[in-house]
Each structure stands twice: as C-alpha cells, then as structure tokens.
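Residue-level structural notes
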Amino acid sequence: MRILTMSMGAYDEDEHERREKQASTVDTDFDDERTIYHGEVKYDAGDSAEDLLDTFEQIKSN
C-alpha cells in the first residue's frame, strides 16, 4: 500500500485553474436599473439664524 501526502501549501494545478477561472468571471446577474423616486423633500431648519447664534453665545458664556 502506497500513501501519498500533500503538505500544506502544495501546488494544485486544478485548484489554481479553478480559482483563476472564478476570479476572472464577472457576475452580471443583478438588476442594473436605477430606482427613481418621485416626490419632494422639505427641511425644517427650526430657529432662525439669529436665534441659533443667541443660543450659541449663551452656551459659550457658561
């Protein structure tokens, strides 16, 4: 009986070719359409700039 062993890191040509083939293929199996949203966006800035500056000055003075 003959036992063949392969050390860790041994060169395997079939595995190398399989990985090379896998790395060279591009998966194009995805939805390439952009999602289009309709509507509007509104921002509520809250206080006026002067009110915000007053608040900032109060925070700085404490």
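Rules and cut-offs
- Residues numbered from 1 in each chain as written.
- Predicted model: local features only at pLDDT ≥ 70, side-chain atom pairs only at ≥ 80, totals over all residues.
- Heavy atoms only, no water.
- Helix = DSSP H or I, 4+ residues; strand = E, 2+ residues; numbered from the N terminus.
- Buried < 20%, exposed > 50% of the residue type's maximum accessible area, 1.4 Å probe, protein only.
- Areas by Shrake-Rupley, 256 points an atom, 1.4 Å probe, with all protein chains shown as cover.
- Patch = residues over 30% accessible without salt bridge, like charges linked within 9 Å, V, L, I, M, F, W, Y side chains within 5 Å.
- Salt bridge = Lys/Arg side-chain N within 4 Å of Asp/Glu carboxyl O.
- Lys, Arg positive; Asp, Glu negative; His and termini not counted.
- Charge placed at Lys NZ, Arg CZ, Asp CG, Glu CD.
- Polar contact = N/O pair within 3.5 Å; in protein donor to acceptor, adjacent residues only side chain to side chain.
- Expected span 1.5 Å × (residues − 1).

As recorded by an unreviewed UniProt entry, the protein chain carries the name DUF5786 domain-containing protein and is attributed to Natrinema hispanicum.

1. Thoughts on the overall build of the protein chain
Of the regular secondary structure elements, the protein chain holds two helices and zero strands. For the protein chain, the proportion of its 62 residues judged to be buried stands at 0%. When the accessible surface of the protein chain is totalled, it reaches about 7,300 Å², and 50% of it is carbon and sulfur.

2. A word on a negative patch on the surface
Residues Asp12, Glu13, Asp14 and Glu17 make up a contiguous surface patch of negative charge. Within the element layout of this structure, glutamate 13 appears in helix α1 (residues 13-24). Glutamate 13 sits in the partly exposed class, given a relative accessible area of 46%.

3. Remarks on the pattern of salt bridges
Taken as a whole, this structure holds four salt bridges when the rule is applied. Across the pair lysine 42 and glutamate 40 runs a salt bridge, and its minimum N-O distance is 3.5 Å. Where glutamate 57 meets lysine 60, a salt bridge forms, and the shortest distance between an N and an O atom there is 4.0 Å. Taken together, the residues span about one helical turn, with glutamate 57 and lysine 60 both in helix α2 (residues 49-61) at a distance of three residues. Because the salt bridges share partners, they merge into one network encompassing Glu15, Arg18 and Arg19.

4. Some details on the environment of lysine 42
Its location among the elements puts lysine 42 in the loop between α1 and α2. Relative accessible area serves as the criterion here: at 70%, lysine 42 is assigned to the exposed category. Side-chain polar atoms of lysine 42 contact the side chain of glutamate 40, separated by 3.5 Å.

5. Focus: α2
Taking 1.5 Å per residue as the helical rise, α2 with its 13 residues ought to reach 18 Å, and the 18 Å between its terminal C-alpha atoms agrees with that figure. Judged by how many residues are buried, α2 sits mostly at the surface: zero of 13 residues are covered.

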